[in-house]
Amino acid sequence: MNGTPVFAHDLVSARDQANALRDAMAAAGLTFRIRFALKAQRDPDFLRFLRAEAPFVGMDVCSPGEVRLALEHGWAPDEISYTGTNVSDRDLATILPAGVHVNVDLLSQLERIGRAAPGSTVGIRVNPGIGASIHGGAETKYAGTKPTKFGILPERLDEAVAIAAGHRLTIDTVHYHTGYLYMTESIPIVEQAATRVAAIVGDLRDRGCPIREVNTGGGLGVRFRESATGLDVVAWSEALARAYAGLDVVVATEPGEFIAKQVATLLAEVVTVEDRGGGAVFVGVDAGWSTANESFVYEIPYHPVVCRAADAEPDHTYTIAGHINEGDDLWATDVSLPEVREGDVLAIPNVGAYNLSMASNHCLRPPAEVVSFRDRVSPPER
């Protein structure tokens, strides 16, 4: 019996999501590649399962450590794509000898790679000036009207091509980041961004760059709360097919949340239930932001469930607090739940991406354990 906190991993969910994405892209007539965003989930059992059960899924990595981890778990160099920002010479000393494909994020990075590996083949990450956000808008931290740290701007492609030529670099891939956890309603923005990138592909080909792949990045959303629509991957694939029609390119995607988010449920014990005055009842659990900090970093809300009364109607209002000695360590504020008692177990579903992989040891709290399930058993008929 494992104690709490513990992440319960439904690994079958990852395989199902990967298969659904593969089938949708194939049905749209795309020549495609799927690479899992390793930064989203790196539990060893998860990686072994994904390698064995979805062998068509490659790896998207963004640090030297992730390069090593992907290779150690069985992915070949030609199945791994590196896209990272502000890469140092020390980073390149590990990345380049590994033989993985590198997408260059900035002009200075292109110059740095040119000095380190003249005559090599690279991709470039561009910034199309538009991206699909979780809130449905066209502004993200990756692309939009505000300056960001990501991607070569279209108006500076002349410089990129000149730097590449100066070091005999071949540019064969255009990478861009479409957005973050976007849903079906954002598909028009996805298509608009892809259309802009299609024009960039044409421009680079006119300059002699043999572009063979367009990498659309990640950000594909899943339904993780009642109000969320999820992402219709069939419609999403068809939008990309329209945008890149006639270009004869491989269309790649790098999902993290789409494959991993629904894999994990965090289980935590209720250790305190106390009225803190003014009608505010706090529920304290034995897990804090060091255990899972997606909400604190990305402002993605958690939706706790009382395991003992999962089907009961909510009739109380609580604030769920963690065990880290910081005032902002709150899982949820003014959330409606059935009655919560000390000793109950709260389940926080849909935390398979960007939680375990971002865990810290703040206050020297140890990380949560992981229990993985590789199959499902249907409940007996009554």
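Anything mentioned here points back to the structure above.
Residues numbered from 1 in each chain as written. Predicted model: local features only at pLDDT ≥ 70, side-chain atom pairs only at ≥ 80, totals over all residues. Heavy atoms only, no water.

*Asks:* So what exactly am I meant to see when it comes to the packing of aromatic side chains here?
*Replies:* The geometry of an aromatic ring pair is captured by two quantities: the separation of the ring centres and the angle between the planes. With the rule as written, the count across this model stands at five aromatic pairs. For the pair F36 and F46, a centre-to-centre distance of 5.2 Å together with 45 degrees between the ring planes defines the contact as tilted. A residue pair is termed long-range when its members are at least 10 positions apart, and F36 in strand β2 (residues 32-37) and F46 in helix α2 (residues 44-53) qualify at ten residues. Each of the two residues, F36 as well as F46, counts as buried. Consider the rings of Y298 and Y354, whose centres lie 5.6 Å apart with planes at 75 degrees: the pair is edge-to-face. Placement of Y298 in helix α10 (residues 294-298) and of Y354 in the loop between β15 (345-349) and β16 (369-373) is noted, with a sequence separation of 56 residues between them. What links up through ring pairs into an aromatic cluster is the set Y180, Y298 and Y354. (Phe/Tyr/Trp six-rings, centres within 6.5 Å; stacked < 30°, edge-to-face > 60°. Helix = DSSP H or I, 4+ residues; strand = E, 2+ residues; numbered from the N terminus. Buried < 20%, exposed > 50% of the residue type's maximum accessible area, 1.4 Å probe, protein only.)

*Asks:* Before we go on, may I ask you to explain helix α4 (residues 89-98) in this structure?
*Replies:* The periodicity of an α-helix, 3.6 residues per turn, causes residues three or four positions apart to be oriented the same way. Within α4, the full set of buried residues consists of L92, I95 and A98. Each buried residue of α4 sits inside an arc of 135 degrees when the element is viewed along its axis, so together they form one side. Residues of α4 that are exposed and angled more than 90 degrees away from the buried face: R90, A93 and P97. On the buried face of α4, the contacting elements are α3 (64-72), β4 (80-83), β5 (101-104) and α5 (107-116). (Arc of directions from axis to C-beta. Contact = heavy atoms within 4.5 Å.)

*Asks:* Would you explain the packing of helix α1 (residues 11-27) against α2 in this entry?
*Replies:* Axis angle and axis distance: for two packed helices, these are the angle between their axes and the distance between the axes, and together they describe the pair. It is the contact of α1 with α2, at a shortest axis distance of 10 Å, that shows an interaxial angle of 40 degrees. The orientation of α1 with respect to α2, classified from their angle, is oblique. As α1 runs across α2, the sense of the crossing is right-handed. The residues of α2 that touch α1, namely those facing L11, V12, A14 and R15, are D45, F46, F49 and E53. Taken together, the residues of the contact of α1 with α2 sort by class into five nonpolar, no polar and three charged. (Axes fitted to C-alpha atoms, helices over the stretch in contact; angles between N-to-C directions. Parallel < 35°, antiparallel > 145°, perpendicular 65-115°, else oblique. Left-handed = near helix turned anticlockwise from the far one by under 90°. Nonpolar A, V, L, I, M, F, W, Y, C, P; charged D, E, K, R; others polar.)

*Asks:* What's the story with the layout of surface pockets in this structure? I'm lost.
*Replies:* One water molecule sets the probe size; rolling that probe over the atoms shows where empty space is left. If you add up the space inside the largest pocket, you get close to 820 Å³. Lining the largest pocket are 33 residues, with K141, Y142, H177, Y180 and Y298 positioned closest to its centre. Residues that form the lining of the largest pocket fall into these classes: eleven nonpolar, twelve polar and ten charged. The calculated volume of the second largest pocket comes to roughly 380 Å³. Lining the second largest pocket are 19 residues, with E226, H303, P304, V305 and P349 sitting closest to its centre. Sorting the residues of the lining of the second largest pocket by element identifies β12 (305-306) and β14 (330-337) as the ones contributing at least two each. At three residues, the largest contribution of residues to the lining of the second largest pocket is made by β14. (1 Å grid on protein atoms, 1.4 Å probe; cavity = no way out; pocket = protein on both sides within 12 Å on 5 of 7 lines; lining within 4 Å. Points joined across faces, edges and corners; volume = space filled by probe spheres on them.)

*Asks:* For this particular structure, what's the right way to read the nonpolar core?
*Replies:* In this structure, F46, M59, W236 and Y244 are the most contacted members of the largest nonpolar core, which totals 84 residues. Among residues more than four places away in sequence, those in contact with Y244 are Y176, A194, V197, A198, V214, V249 and V251. Residues V270, V283, Y302 and I348 belong to the second largest nonpolar core, which totals 24 residues. (Core = buried A, V, L, I, M, F, W, Y, C linked by side-chain atoms within 4.5 Å.)

*Asks:* So what exactly am I meant to see when it comes to α5 here?
*Replies:* Restricting attention to buried positions, one finds in α5 the residues L107, Q109, L110, I113 and G114. Summarising the axial view, the buried residues of α5 lie within an arc of 155 degrees, below the 170-degree limit, and thus occupy one face. For α5, the secondary structure elements touched by its buried residues are α4, β5, β6 (121-125) and α6 (157-166).

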